[in-house]
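Per-entry structural report
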Amino acid sequence: MQIQITDRAAKWFQTEMQVQEGDYIRFYVRYGGSSPIQAGFSLGVNREEPFDIGVLHKQNGINYYIEEKDIWYFDEYNLHVDYDDQSDGPLYDYKK
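Residues numbered from 1 in each chain as written. Predicted model: local features only at pLDDT ≥ 70, side-chain atom pairs only at ≥ 80, totals over all residues. Heavy atoms only, no water.

**Quick look at the pairing of strand S4 (residues 53-59)**
Put simply, the rule is: Pairing between strands is defined by DSSP: at least two bridges between the two strands are required. Working definition: helices are DSSP H or I runs of at least four residues, strands are E runs of at least two. Numbering for both runs from the N terminus.
Here S4 runs beside strand S5 (residues 62-67); their pairing, made up of 6 bridges, is antiparallel. Bridge pairing links Val55 to Ile66 in S5. Hairpin connection from S4 to S5: 2 residues lie between these consecutive antiparallel strands, with Asn60 at a positive phi of about 55°.

**What to know about the environment of Glu76**
Tracing the sequence through the fold places Glu76 in the loop between S5 and strand S6 (78-84). In this structure the C-alpha to C-alpha distance between Glu76 and Lys11, which are 65 residues apart in sequence, comes to 27 Å.

**Examining the packing of aromatic side chains**
Here is the rule we go by: Stacked, tilted and edge-to-face pairs are distinguished by plane angle, under 30 degrees for stacked and over 60 for edge-to-face with tilted covering the rest, among Phe, Tyr and Trp rings (Trp via its six-membered ring) whose centres lie within 6.5 Å. Whether a charge lies above a ring is judged from NZ of Lys or CZ of Arg, which has to be within 6 Å of the ring centre and within 35 degrees of the ring normal.
Under the definition given, this model contains 12 aromatic pairs. Between the aromatic rings of Phe27 and Tyr92, the centroid separation amounts to 6.0 Å while the plane-to-plane angle is 85°, which identifies the pairing as edge-to-face. Here Tyr92 lies in strand S7 (residues 89-95) and Phe27 lies in strand S2 (residues 24-31), a separation of 65 residues in the sequence. Over the ring of Tyr77 we find Lys96; its NZ or CZ atom is 4.7 Å from the centre of that ring.

Nothing here speaks to function; it is all geometry.
Take a look at the structure:
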């Protein structure tokens, strides 16, 4: 499993979440919402220090990660994060 972040999405995280080099952005599973890969669950994002990193992607000095306990959610899909102009926020796509 891999995390890929477009440059536009990375810029959004830096601006909106006020992250700086060395900071951590966590993608996590939350109950509720909708997802194309897991019914009844959705993906959340937060700025927080890791506990048990399962997947890590470093870009522009920022650490994007998923905890080991949340890997099940992705069901062998890779996480692709882009920026959505319409919602002015991240757009998540899951690709095998």
